[in-house]
Amino acid sequence: ILGGLGVEFGFYVTSLLIGLTGLCLAYIFARRVFTAPRDAAWFTFFYVFSPIFMRYTHWATGRGLFVALLPLLLLALLPRKETPSVPPQKIPSPWCPLRAFVSLWFLLFACLLLALTHKAGLVAIALLLPATLFSFFLPFPRSSIGNRQSSIINLLFLIPFLLAAIALSPSLMLPPPAGNAIGFLRTAITRFGCLLPLAALGILAARGWLQNPALRRLFPAMLLTLPLAFPRDMYGALIALPFITLAATSGLAWLRDTFPRFARPLAIAAILATTTGALAIVTARNLAATPPRIYRAAQFLEHYDPLGPYQVFAPGRARVQIHAYVSGCPRFVVATNTTSTLSVRTLPSLEGPLEDTVVRWIDFGRNFMEVSDVAVDWYGINPRAYYVDIDGVSEGERPDNLESLYTADGIQIFKPATQPKP
């Protein structure tokens, strides 16, 4: 809007900016977590080419900006990186309160940015801040602990959250709980691609989750967000993405270090699997994009009636596709009166299947406030009407006398004969 770029080029510039922001913040965050720069590079690659990141930064929306800025909040939650080369006695003591003050304001700044991106930002703040506090209560394993003992400890932590993730997954093909297991696998593939198998390996085989200060700080948050990534709504998956990516990077690093002869084939396989998933998301989104002929019909309406208000009747997805390119629809008008009051909706029930209960509570969280005595005219007051036929297919009831305005590429646009010109 500010640059007068139009819908398509404006979305391109916005998507490019959000994608680059996510790439840079992911790498900065990963450099604080991993000692090896190549592991930070792998984390960044997995993160920006994951199905979730690609889905919401390809023609980016508020969710795309949320996943791009989420590493900034995690960066603010990490403990301060130690610098062993500087003797502690040479650090002036007055700087310690200053560092704490700067860290606090950095955390507040990150929380503010995340909350302004999307409603999921508030949920992420409410979940991640308390979860990091639990890291102070985790046991400190001995430095001499073996890989097997470390895997057992991680498995004991993981099992209840993994079972919760399966229980919250949508049931597919079979009745629960077998249907939930199938839904879990399908959701894992469509949302995380190859990341989840690597993440399982990273949690169970790789060491360092309780020894590495950064990973230890984020370990409870990773466990907490895992079940939330599998309900039908995507909000939990958005928050869980960086934690799944952390574990997947650890899993790939473990494979590379354990089987050094296969390091190159493993890297090639990880690149191919990740880019294939990213291309699949982009292809699916392009197939659902606005066809050129509908775009041209929308441009006709934009020039014929630039101000509106009017309502469009068109079959299938053509209606919302036309909405994306016209200024006169929708043009909603909200009216209140002096008796309008703000109130909190009634809490949803806890009865019924767990999956349905979670859906109800997610819907409640999205719209937990309501205003009484509000009238909304979604298409403006006294809107005009335009009827669109696509290959002879129409939508909705029509008046008897229609006047043709546009005919091209199998698309016709009509208006009521008695409706005045805009």
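Parameters at a glance
- Residues numbered from 1 in each chain as written.
- Predicted model: local features only at pLDDT ≥ 70, side-chain atom pairs only at ≥ 80, totals over all residues.
- Heavy atoms only, no water.
- Helix = DSSP H or I, 4+ residues; strand = E, 2+ residues; numbered from the N terminus.
- Buried < 20%, exposed > 50% of the residue type's maximum accessible area, 1.4 Å probe, protein only.
- Contact = heavy atoms within 4.5 Å.
- Areas by Shrake-Rupley, 256 points an atom, 1.4 Å probe, with all protein chains shown as cover.
- Lys, Arg positive; Asp, Glu negative; His and termini not counted.
- Charge placed at Lys NZ, Arg CZ, Asp CG, Glu CD.
- Phe/Tyr/Trp six-rings, centres within 6.5 Å; stacked < 30°, edge-to-face > 60°.
- Pairing = 2+ DSSP bridges.
- Axes fitted to C-alpha atoms, helices over the stretch in contact; angles between N-to-C directions.
- Polar contact = N/O pair within 3.5 Å; in protein donor to acceptor, adjacent residues only side chain to side chain.
- Expected span 1.5 Å × (residues − 1).
- Salt bridge = Lys/Arg side-chain N within 4 Å of Asp/Glu carboxyl O.

**Overview of the overall build of the chain**
Scanning the chain for helices and strands turns up 15 helices and eight strands. Seen along its three principal axes, the alpha-carbon backbone of the chain occupies a region of about 85 × 55 × 50 Å. Split into buried and exposed, the 422 residues of the chain put 41% on the buried side. Contacts spanning at least 24 positions in sequence make up 72% of the contacts within the chain whose residues lie at least 6 apart. Total accessible area computed for the chain in this model is approximately 23000 Å², and 67% of it derives from carbon and sulfur atoms. Within the chain, the 21 negative side-chain charges are centred at a point lying 19 Å from the centre of the 34 positive side-chain charges.

**What about the packing of aromatic side chains?**
Following the criterion strictly, the structure yields 21 aromatic pairs and no others. Pairing F192 with F230 gives two aromatic rings, centres 6.3 Å apart and planes at 50°, and the pair type is tilted. Here F192 is found in helix 8 (residues 178–192), whereas its partner F230 is found in the loop between helix 10 (213–228) and helix 11 (235–258), with 38 residues between them in sequence. For the pair Y295 and Y325, a centre-to-centre distance of 5.0 Å together with 85° between the ring planes defines the contact as edge-to-face. In this pair, Y295 is assigned in helix 13 (residues 292–304) and Y325 in the loop between helix 14 (318–323) and strand 2 (333–336), connecting sequence segments 30 residues apart.

**Here's the deal with the sheet that holds strand 8 (residues 411–416)**
One open sheet accounts for four strands, arranged 1-6-8-7; its pairing is mixed. Both edges of this open sheet fall to strand 1 (310–313) and strand 7 (402–408), since each of them pairs with a single strand only. Sheet twist, expressed as the mean angle between neighbouring strand axes with direction ignored, is 20°. Summarising the sheet, strand 1 and strand 6 (residues 384–390) pair through four bridges and their orientation is parallel. When the bridges of strand 6 are listed, V312 appears paired with Y386. Against the sheet, helix 13 touches strand 1, strand 6, strand 7 and strand 8, its axis set at about 30° to strand 8.

**Some points on the environment of R360**
Tracing the sequence through the fold places R360 in helix 15 (residues 354–366). Accessibility expressed as a relative area gives 30% for R360, which makes it partly exposed. Sequence separation between R360 and L350 is 10 residues, and the spatial gap between their C-alpha atoms is 8.9 Å. Not counting the four nearest positions on each side in its chain, R360 is found in contact with P348, S349, L350 and E351. There is a polar contact of 3.1 Å between the side chain of R360 and the backbone oxygen of S349. Polar contacts involving the side chain of R360 include one to the main-chain carbonyl oxygen of E351, which spans 2.5 Å.

**Some remarks on helix 12 (residues 263–287)**
Under the 1.5 Å per step criterion, the end-to-end length of helix 12 is 36 Å for 25 residues, consistent within 8% with the ideal 36 Å. Those residues of helix 12 that fall on the buried side of the exposure criterion are A270, T274, A278, I281 and V282. On its buried face, helix 12 is in contact with helix 2 (37–48), helix 3 (51–57) and helix 11.

**Structural notes on the pattern of salt bridges**
For the coordinates displayed, the defined rule picks out seven salt bridges. For D39, the salt bridge identified is with R256, shortest N-O distance 3.0 Å. Of the two residues, D39 is situated in helix 2 and R256 in helix 11; the sequence distance between them amounts to 217 residues. The pair D39 / R256 is uniform in exposure class, with both members buried. Its salt-bridge partner being R256, residue D257 comes within 3.8 Å of it at the nearest N-O pair. The network of salt bridges with common partners includes D39, R256 and D257.

Don't take any of this as a statement about function, it's just geometry.
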